Structure formats: structure tokens, C-alpha cells
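Coordinate inspection notes
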Amino acid sequence: MNKAAIDQKFLPELSLLLNKLSGNHENWLQTALQLYQNSDTLARVLLLFYNKNDQKRFIAIT
Amino acid sequence: MFTAHASSWAKFLAPFITPELDKDLFVKVFMTLVSNELKIEHYLKIRAYLDVAEYANLINSFKHAAEFLAKIYEADKHFDKIKNLIDSRSNIWNFDELIKPLLNVYPHYCFRKIAAMTYKTLNTERGRSIYEQIAKWLVLTKQLPGMQQDVMILIGKTYNHKPNLPALKDEMCKAMVV
């Protein structure tokens, strides 16, 4: 990733995107939960997911 | 997350948060939006959920934003408090915004206040921007119920002010006072 000169700040989003593309929902959620505190964009994606699927978790994360 | 960066998260959360979901968070999110954006519609969403202390804090936080405070008082129909707000200020800027909600509630008070502000300002200040303000106040007097005769006299006296003030006349025409 360093060789590809990807800005460090995009790594959380990139990790999440790769998990999404792989179709592994469990991994996607785990990655999002691990990394959302480092990225507002990712936190927003996670909140949108929980707003739709689990409102208690939505409030807890908020 | 929200607690640490309320300002940046409030706008994002607003469409999703409801009092049924979490009343405290709902109040905090919209309190933040009220403070950030000074929009009365945010206040209207939370006013039914504010306790006495929260309401007092909110009012206190706007003590230097009289125009917005007046909007809150107007929404709550606390017209007497808008009067107090006007009486406690000598600032002429935005006077028209403050007095507007009172035109139909206290027409005599509004007329006296606008007349006094007009005469006082004409005695102490000069300049087109000042005349523009005066014209804004005078056009409001036309909305005062049952005071047409007094209003005509006030407008006539102001328009025919001596010494002659062409810029004042011009601003009064532009604002459609005359």
C-alpha cells in the first residue's frame, strides 16, 4: 500500500471497501467496528448501517 | 462520538434521531443545531422536551444574539419579553426585526417606540445607511392596526424634516413609506 502511495487517511475506507467487494458481510462489519473511530466517513457508514438494522447499536455508537 | 464533536455530528444525526429513540440525545443534537445555525425550526423541534434548566441555559446562551432570542420568544408567545429586550437596547441595528412580532400585539407601544427611535436617531445621526434603517422602521408603522392617523403624521413629519434631508426622502421612497 505504501508503494502505491495511498494516503494513510484513506486506509480505513479502503479496508472497508475491500471487505464490501469481497461480499463477506461479517468481515465488513468487523472492519467497520474496528476502524470507525479513525475515520468520520467510516463512522457515518456504520451509523447508517445500524440506523437501518439495529437502532440500539446506533444509539450506543452515537 | 457525538459528545466529543457535537458540532460536526449534529447535522448528520438530525435526520435519524427522534425523541422516541433517545430523548436526551435528540435534545442535545437539536440544541447544538440551534446554537450553530440560529434556526427557529430546530428550536421548535425540541422545545416540548426541554426542562426548566435546559430552557434557561438555552435562553442564556443567546443573551448576545437578541434577534434570535426574539424569535424564540415569539415562538413561545412571550411578547412581553421581546418588549423587555427592545427596552434594554439602545442599538438601532435590527430594531425592525425585533419589533416586527409586536406590531399586532402592542400597536401603541410599537408606534411610540418607532416614533421615539426615529426622532432620536434623526437628532443624533446622519448618513444614508441610517436613513435606510429609519425607512425600515417607518414602513412597519403602516401595519399597526388602528393607528393610521398617527402614522401619517409621523411619516409626514419625518419626510419633511428640517433641515431638508434628500437622502432620507430617497430612502423613504425606496422603502415605499411614501
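Residues numbered from 1 in each chain as written. Chains lettered and ligands numbered in written order. Predicted model: local features only at pLDDT ≥ 70, side-chain atom pairs only at ≥ 80, totals over all residues. Heavy atoms only, no water.

**So, the overall build of chain B**
Rules: Runs of E in the DSSP output that reach at least two residues are strands. Runs of H or I that reach at least four are helices, and both are numbered from the N terminus. Note on classification: 1.4 Å probe, protein chains only; a residue is buried when its accessible area is under 20% of the maximum for its type, exposed when over 50%, partly exposed between these limits. For this analysis, residues touch if any pair of their heavy atoms sits within 4.5 Å. Asp and Glu count as negative and Lys and Arg as positive, but His and the ends of the chain are not part of the count. To locate a charge, take NZ of a lysine, CZ of an arginine, CG of an aspartate or CD of a glutamate.
A count of helices and strands for chain B gives 11 helices and zero strands. Each helix and strand of chain B, ordered N terminal to C terminal, gives the series α-α-α-α-α-α-α-α-α-α-α. Considered along the principal axes of its C-alpha atoms, chain B spans approximately 65 × 30 × 25 Å. Every one of the 178 residues in chain B was classed for burial, and the buried ones make up 43%. Taking as baseline every contact in chain B between residues at least 6 positions apart, the subset at least 24 positions apart corresponds to 49%. Charge separation in chain B, taken as the distance between the mean sites of 24 positive and 19 negative side-chain charges, equals 8 Å.

**A few points about the confidence of the model for chain A**
Here is the rule: A score from 0 to 100, pLDDT tells how confident the predictor is in each residue.
For chain A, per-residue confidence averages 80 on the pLDDT scale, and residues scoring 70 or more make up 73% of the total. The lowest-confidence element of chain A is helix α1 (residues 11-22) of chain A, averaging 69 in pLDDT; the highest-confidence one is helix α4 (residues 55-61) of chain A, averaging 93.

**Let's talk about the pattern of salt bridges**
For side chains bearing opposite charge, pairing can occur when the charged atoms are close. All names here are of chain B. As a reminder of what qualifies: Take a side-chain nitrogen of Lys or Arg and a carboxyl oxygen of Asp or Glu: if they are within 4 Å of each other, that pair is a salt bridge.
This structure, assessed with the given rule, holds nine salt bridges over all chains. Taking the shortest distance from any N to any O, the salt bridge between R128 and D170 comes out at 2.7 Å. Here the residue R128 occupies a position in helix α9 (residues 128-141), and D170 occupies one in helix α11 (residues 166-174), the gap between them amounting to 42 residues. When the shortest N-O distance is used, the salt bridge between R128 and E171 registers 2.8 Å. Within this pair, whereas R128 is found in helix α9, its partner E171 is found in helix α11, the two being separated by 43 residues in sequence. For R128, a relative accessible area of 41% translates into the label partly exposed. One continuous salt-bridge network, built from bridges that share partners, spans R128, D170, E171 and K174.

**What about the packing of aromatic side chains?**
We apply this condition: Any pair of Phe, Tyr and Trp rings, taking the six-membered ring for Trp, is counted once the centres come within 6.5 Å. Such a pair is stacked with planes under 30 degrees apart, edge-to-face with planes over 60 apart, and tilted for the rest. When the NZ atom of lysine or the CZ atom of arginine is within 6 Å of a ring's centre and also within 35 degrees of its normal, the charge is said to sit over that ring.
If you walk through the whole model with that rule in mind, you get 10 aromatic pairs over all chains. Ring geometry for W9 of chain B versus F12 of chain B: centroids 5.6 Å apart, planes at 80°, classification edge-to-face. Here the residue W9 of chain B and the residue F12 of chain B both occupy positions in helix α1 (residues 6-13), the gap between them amounting to three residues, near one helical turn. As far as burial versus exposure is concerned, W9 of chain B and F12 of chain B are alike and both buried. Among the aromatic residues, those joined into a cluster by ring pairs are F58 of chain A together with W9, F12 and F16 of chain B. The ring of W9 of chain B carries the charged tip of R44 of chain A above its face, separated from the ring centre by 4.7 Å. Here the guanidinium or amino end of K169 of chain B rests over the ring plane of Y159 of chain B, the centre of that ring lying 5.3 Å away.

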